[in-house]
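Examination of the molecular architecture
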Amino acid sequence: MSMTGMFATSKAGHDKGQLYIIIKEDEEYVYLTDGRLKPLDGPKKKKKKHIQIIKKTDAAIQARIKEEKPLSNEIIKHAIREYKEAECAGRDAAEPGTAVARTAHSAELETAVPRTAHR
């Protein structure tokens with residue numbers, strides 16, 4: 001299975017945690033781009049063992065790869081931005097009952113800590 005077009009994060013190095021899109025792979029290495037600091041014309045070369053593959057792709061990028069159309073840094077940046085927004089929205093959505101538990105716990109903390117009068 002080809003990893004080209006998949007999202008990946010760096011597991012090691014000074015860029016640890018950085019989100020990229022895989023644009024090329026060979027036996028030992030993948031070539032990563034974020035469209036900004038690592039543009040398409042200067043991708044990051046990283047060993048496969050130093051990345052965490054995210055088995056998600058962007059539909060526009062997959063379509064361009066399949067049709068053998070060129071990618072642009074703008075398309076890459078847009079895909080990464082949308083992925084990050086979707087991940088943040090997913091994390092912010094509370095499971096049923098969780099928000100109530102947090103609110104009750106917050107109320108307990110507020111009543112447990114005495115407040116000082118401000119003059």
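**Brief notes about unusual backbone geometry**
At Glu68, a position not held by glycine, the phi torsion is positive, near 60 degrees. Looking at where Glu68 falls in the secondary structure, it is placed in the loop between helix H1 (59–66) and helix H2 (73–92).

**Overview of the side chain of Asp34**
In this structure, Asp34 sits in the loop between strand S3 (29–33) and strand S4 (44–47). No salt bridge is formed by the buried Asp34; its nearest oppositely charged neighbour, Arg36, is found at 4.3 Å. Here Arg36 takes part through its backbone nitrogen, which lies 2.9 Å from a polar atom of the side chain of Asp34. At 3.0 Å, the side chain of Asp34 and the backbone nitrogen of Leu37 are in polar contact.

**Remarks on the packing of aromatic side chains**
The tally for this structure, following the rule as stated, stands at 1 aromatic pair. On the numbers, 4.6 Å between centres and 25 degrees between planes, the contact of Phe7 with Tyr83 is stacked. Within this pair, whereas Phe7 is found in strand S1 (residues 6–10), its partner Tyr83 is found in helix H2, the two being separated by 76 residues in sequence. The same class applies to Phe7 and to Tyr83, which are both buried.

About the cut-offs
- Residues numbered from 1 in each chain as written.
- Predicted model: local features only at pLDDT ≥ 70, side-chain atom pairs only at ≥ 80, totals over all residues.
- Heavy atoms only, no water.
- Helix = DSSP H or I, 4+ residues; strand = E, 2+ residues; numbered from the N terminus.
- Buried < 20%, exposed > 50% of the residue type's maximum accessible area, 1.4 Å probe, protein only.
- Lys, Arg positive; Asp, Glu negative; His and termini not counted.
- Salt bridge = Lys/Arg side-chain N within 4 Å of Asp/Glu carboxyl O.
- Polar contact = N/O pair within 3.5 Å; in protein donor to acceptor, adjacent residues only side chain to side chain.
- Phe/Tyr/Trp six-rings, centres within 6.5 Å; stacked < 30°, edge-to-face > 60°.

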